[in-house]
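# Residue-level structure breakdown
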Amino acid sequence: MLAQLYQNLVLKNSKIVFGLLVIAIISFGYYSKDFRLDASSETLLIEGDPDLTYLQEINERYGSKDFLILTYAPNEGMITNNSINNLLSLKYKIQSLSWVHSVITLLDVPLLSNSEASLQERLEKFKTLKDEDVDRNRGFKEILNSPVFRNFVISEDGDTSGIIVNIKKNKNLDNIQDKSKEEIEKLKDQIKKQNHKNILEIRQVIESYDDIGKIYLGGIPMIADDMMTFIKNDIVVFGLGVLLFIIATLWFVFRKLIWIIVPISSCLFSVIIMMGLLGILGWKVTVISSNFIALMLILTMAMNIHMSTRFLQLKKNFPTKNSFEIISLTTNKMFWPILYAVLTTIFAFLSLILSGIKPIIDFGWMMTFGLITSFIITFTLLPSLLNFTPTKNISVKEEQESKITNFLSFVSLNNKTMIFAVTGIIIILSVIGISKLEVENSFINYFNKDTEIYKGMKLIDEELGGTTPLEVILKFPQKEKKEKLDDDDEFDDWGDEENVNEDSYWFTKDKIDKITSVHNYLDSLPQVGKVLSFSSIIDVATQLNNDKPLGTLEMGVLYSKIPKSIKTEIIDPYISIEDNEARISLRIIDSQENLRRNDLINKINFDLKNKLGLEESEFKLAGVLILFNNLLQSLFKSQILTLGLVMAGIFSMFIVLFRNIRLSLIGVIPNFIAAFFILGIIGLLGIPLDMMTITIAAITIGIAVDNSIHYIYRFKEEFNKIKDYNKTLKICHATVGVAILNTSLTIVFGFSILVLSKFIPTIYFGMFTGLAMLLAMISVLTLLPSLILIVKPFGK
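The rules behind the values
- Residues numbered from 1 in each chain as written.
- Predicted model: local features only at pLDDT ≥ 70, side-chain atom pairs only at ≥ 80, totals over all residues.
- Heavy atoms only, no water.
- 1 Å grid on protein atoms, 1.4 Å probe; cavity = no way out; pocket = protein on both sides within 12 Å on 5 of 7 lines; lining within 4 Å.
- Points joined across faces, edges and corners; volume = space filled by probe spheres on them.
- Helix = DSSP H or I, 4+ residues; strand = E, 2+ residues; numbered from the N terminus.
- Nonpolar A, V, L, I, M, F, W, Y, C, P; charged D, E, K, R; others polar.
- Salt bridge = Lys/Arg side-chain N within 4 Å of Asp/Glu carboxyl O.
- Buried < 20%, exposed > 50% of the residue type's maximum accessible area, 1.4 Å probe, protein only.
- Axes fitted to C-alpha atoms, helices over the stretch in contact; angles between N-to-C directions.
- Parallel < 35°, antiparallel > 145°, perpendicular 65-115°, else oblique.
- Left-handed = near helix turned anticlockwise from the far one by under 90°.
- Contact = heavy atoms within 4.5 Å.
- Expected span 1.5 Å × (residues − 1).
- Bend = angle between axes of the 7 residues up to and from the residue.
- Polar contact = N/O pair within 3.5 Å; in protein donor to acceptor, adjacent residues only side chain to side chain.
- Patch = residues over 30% accessible without salt bridge, like charges linked within 9 Å, V, L, I, M, F, W, Y side chains within 5 Å.
- Areas by Shrake-Rupley, 256 points an atom, 1.4 Å probe, with all protein chains shown as cover.
- pLDDT = per-residue confidence, 0-100.
- Pairing = 2+ DSSP bridges.
- Phe/Tyr/Trp six-rings, centres within 6.5 Å; stacked < 30°, edge-to-face > 60°.
- Core = buried A, V, L, I, M, F, W, Y, C linked by side-chain atoms within 4.5 Å.

### Some details on empty space enclosed by the protein
- In the structure shown here, the tally under the stated rule is 5 cavities of 30 Å³ or more.
- The volume enclosed by the second largest cavity comes to roughly 140 Å³.
- Surrounding the second largest cavity, 15 residues form its lining, Leu299, Ala302, Met303, Ala341 and Asp706 being those nearest its centre.
- The set of elements that each furnish at least two residues to the lining of the second largest cavity consists of α10 (292–317), α11 (323–350), α25 (696–722) and α27 (736–752).
- Looking at side-chain class alone, the lining of the second largest cavity contains 9 nonpolar, 5 polar and 1 charged residues.

So this is what it looks like as structure tokens:
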């Protein structure tokens, strides 16, 4: 009934169907203008993550600006007249850009040990390296030894300086919660465009100072902008690369223009309709989903090769039938295997929606809608185009037998013991490899070593105290005795205690000791770069006090007397008297080998409780390190759990399709082994799973089982005619085996094009998925037939 309906609606109305498809492609093509990209850091976070909400609170409380960081290594010494004049010129040039709020350089650091004046005078009228009457060598030495500025604006060797470029806050963001979703999206697009313009402008400035030394650009806004560029390049390169490769494959397989035009039309129609659909739905393509166009082309191609190969085989078997009859027969025979192949692949991609991470959920839905689109196009456009084509143009020359499938057929028939022995070794290696798997999120290693992102991050990591921020917030008990504030000789010249405000009583010995002990502990960890806290400020004050430690009384007076400009910049970011909290800010050396972020976070949490004796309620970790770690741990759990779900779901589908438990088990085993072997290889090579490679196993199973479905479906059909397992195996390898070989090689080489990306996880994804598909294809054409011969699932 379904076949009759399809024949009457689609096959007998080819021109109308084609006309409707053309209207669809024009309509969706128009909406593809709304196709959007997104590389913001929010795309790599778990929706509703409480740690994200907490970090936003912390940023609000302690003040947080968007900033870029430049590393400056002058050709001459850091404090020669030339270097200082060049740095000043660069600072003023950047400062003149309309979007820049402020620029902080080595030349803005207050020098407090540079004169013999009283402490109050030095604080109120501080000098900097750019002042004429300053002893530069003494001032530079002070900065190099400063607990605050060493490894922050100057490297320990004094050869590299950091330039912080604070970006003006976008005033439109002030009442963002009152705006509609559409307004927020428009605003985000504007910010992205403005950010791109900003990065181009600052890069032009850097280029114009190219002759004064080595200058690299870093910072989250620059990373986000470069990621956008990478995504755009990846989409173009992958799309065109895969398209060209598919054309070459089709020519190699069919050697006839019509068999290039028809499948390529299906691919292009599917992709354009999907791009339009994404535009209408407002789904954005991120780093994770940047390969969705390439994947769609590959999977649409696979469906078309199966259909085309079967059409030509039927035309050869039934030379007297006309094109319409052959098309009807082809669609009738291929509908169920292709439908089930699509459903199993959709099931694998839908497993991604359990990840809890928006770009991965979106990728799962994108591929689901993409596969449905490809399926509809394959069963409407392909038969319509073939109906238009004169019969003489359709046939291809008598094809030579495939040497590869003939060889694999021979191996399956005569070397079953060897096949099972190799499978056993693969299973053992997979188990060993999987036991070594770990997840890691080394952001710096996501980029090629020749990219500016990598060079800048590496230099900041090694010379300026690390890249990935982590915050430790210390919370103090609400009721603490206020210590009596007495007069002190050291601070007599600052006025009497009447001028000291209530805030001064906050500085108690217990609080200061706690901040110092946690600061020193964090500073002792080899994975940690720069640590900044109120303890750093106390160290500076101690140096200024002739190395005599300050009492809590002196700290209180000092706090009340410090000029507001200095207080805002160097004290307020580290203590919140109002909230009775202190913030310790540290950066992780991201490029350090064998850095295991999850272990480090667990160690800090454990040691703060057990070694430093803090209660769980007295501290909390926050920051980008925590957010990305949450992302990865969540992904690992969800993907490992969903792997089981994918396997169970696909096995159930096989049972429904073949109504034979033994046959279903035989059908899924080769693909599961291939997927697990890839995870094993990744584990054995010591490559940590990241946000893209973690999805390989589920996707591989989903795509690879298509081959099993086609092979078993054909085997069942041929066996019912011949009733001989060995002969059926040879026929299947010579017919559907060739289609499986051609589609698998198309998929393998299609995925291999992803190695052209500048984003390392994409390269790994392409490499390992391609390898998994190759292994799955070999497994389906060796292990699967060998199992069929031994189990004899169709009876004797």
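After presenting the structure, the write-up continues.
### Observations concerning the pattern of salt bridges
- One pass over the full model with this rule turns up 23 salt bridges.
- Across the pair aspartate 108 and lysine 130 runs a salt bridge whose closest N-O atoms are separated by 3.1 Å. Highlighted residues: aspartate 108 in the loop between β3 (100–104) and α5 (119–124) and lysine 130 in the loop between α5 and α6 (136–144), separated in sequence by 22 residues.
- When the shortest N-O distance is used, the salt bridge between glutamate 616 and lysine 609 registers 3.2 Å.
- Shared partners join several salt bridges into a network, and the residues in it are Glu57, Arg61, Asp579 and Glu581.

### Observations concerning helix α13 (residues 381–388)
- α13 sits mainly inside the fold: 6 of its 8 residues count as buried.
- Buried within α13 are the following residues: Leu381, Leu382, Pro383, Ser384, Leu385 and Leu386.

### Let's talk about the packing of helix α16 (residues 416–435) against helix α24 (residues 661–684)
- It is the contact of α16 with α24, at a shortest axis distance of 7 Å, that shows an interaxial angle of 50°. With respect to each other, α16 and α24 are oriented oblique. Considering only the axes of α16 and α24, their crossing is left-handed. Packed against α16, whose contacting residues are Thr423, Ile426, Ile427, Leu429, Ser430, Ile432, Gly433 and Ile434, the element α24 presents Ile673, Phe676, Phe677, Leu679, Gly680, Gly683 and Leu684 at the interface.
- The residue inventory of the contact of α16 with α24, partitioned by class, reads 10 nonpolar, 5 polar and no charged.

### Some remarks on α11
- Taking 1.5 Å as the rise per residue, α11 with 28 residues should run 40 Å; its terminal C-alpha atoms sit 37 Å apart, in good agreement.
- At phenylalanine 335, α11 shows its maximal bend, which comes to roughly 40°, and the proline proline 337 appears one to four places after that position.
- Between a side-chain oxygen at the N-terminus of α11 and the backbone nitrogen of phenylalanine 324 the separation is 3.2 Å; the capping residue is asparagine 322.

### Some points on a nonpolar patch on the surface
- Residues Leu281, Trp365, Phe369, Ile372 and Ile376 make up a contiguous nonpolar surface patch of about 420 Å² in total accessible area.
- For the nonpolar patch, the leading source of residues is helix α12 (residues 358–378), giving 4 residues.
- Structurally, the position occupied by phenylalanine 369 is in helix α12.
- Note on phenylalanine 369: relative accessible area 32%, which makes it partly exposed.

### A closer look at the confidence of the model for the protein
- Here the protein shows a mean pLDDT of 83. Residues at 70 or above account for 91%.
- Note on residues 480–500: pLDDT under 50 across the span, and 37 contacts to partners over four residues away in sequence or across chains.

### Remarks on the sheet that holds strand β4 (residues 161–167)
- Across the sheet, which stays open at both edges, the 4 strands sit in the order β3-β4-β2-β5 with antiparallel pairing between neighbours. Single-partner strands in this sheet number two, and they are β3 and β5 (213–218). Neighbour-to-neighbour, the strand axes of the sheet open up by a mean angle of 20°, direction not taken into account.
- As judged from the 6 bridges shared by strand β2 (residues 67–74) and β4, these two strands associate in the antiparallel manner. Bridge pairing in β4 links leucine 68 to valine 165.
- Against the sheet, helix α4 (residues 81–95) contacts β2, β3, β4 and β5, and its axis sits at roughly 165° relative to β3.

### Concerning the packing of aromatic side chains
- Considering all chains together, one arrives at 23 aromatic pairs under this definition.
- Between phenylalanine 335 and phenylalanine 379 the ring centres are 5.6 Å apart and the planes differ by 75°, which places this aromatic pair in the edge-to-face class. In this pair, phenylalanine 335 sits in helix α11 while phenylalanine 379 sits in the loop between α12 and α13, placing the two residues 44 residues apart along the sequence.
- Classification of phenylalanine 335 as partly exposed rests on a relative accessible area of 22%.
- The buried category is assigned to phenylalanine 379, whose relative accessible area is 3%.
- Aromatic pair tryptophan 506 and phenylalanine 507: ring centres 5.4 Å apart, planes at 85°, arrangement edge-to-face.
- Phenylalanine 507 sits in the buried class, given a relative accessible area of 2%.

### Focus: the environment of lysine 321
- Within the fold, lysine 321 resides in the loop between α10 and α11.
- In this structure lysine 321 comes out as partly exposed when scored by relative accessible area, which is 30%.
- As a C-alpha pair, lysine 321 and arginine 138 span 183 residues in sequence and 96 Å in three-dimensional space.
- Setting aside chain neighbours within four positions, we find lysine 321 in contact with Lys315, Ile326 and Leu329.

### Points about the nonpolar core
- Within the largest apolar cluster, 242 residues are counted, with the highest numbers of intra-cluster contacts made by Ile94, Phe292, Phe447, Leu474, Leu522, Phe534 and Tyr711.
- Of the residues forming this core, the biggest block, 16 residues, is contributed by α10.
- In this structure phenylalanine 292 touches Phe35, Met274, Leu278, Val285, Phe363, Met366 and Met367, once residues within four positions along its chain are discounted.
- In terms of nonpolar packing, the next biggest core, distinct from the first, is built from 7 residues, Tyr54, Leu55, Ile58 and Ala622 among them.

### A word on the packing of helix α9 (residues 258–281) against α12
- Relative orientation of the contacting elements α9 and α12 amounts to 140°, with a least axis distance of 9 Å. Regarding the angle of α9 to α12, the classification is oblique. Considering the relative orientation of α9 and α12, their crossing is right-handed. In contact with Ser266, Phe269, Ser270, Ile273, Met274, Leu277 and Leu278 of α9, α12 contributes Met366, Phe369, Gly370, Thr373, Ser374 and Ile377.
- Among the residues forming the contact of α9 with α12, the class breakdown is 8 nonpolar, 5 polar and no charged.

### Here's the deal with unusual backbone geometry
- Backbone geometry at asparagine 151 places phi at a positive 65°, although glycine is not the residue there.
- Tracing the chain through its elements places asparagine 151 in the loop between α6 and β4.
- Judged by its relative accessible area of 17%, asparagine 151 falls in the buried class.
- With a phi angle near 50°, arginine 659 is a residue other than glycine that sits in the positive phi range.
- Secondary-structure assignment places arginine 659 in the loop between α23 (624–658) and α24.

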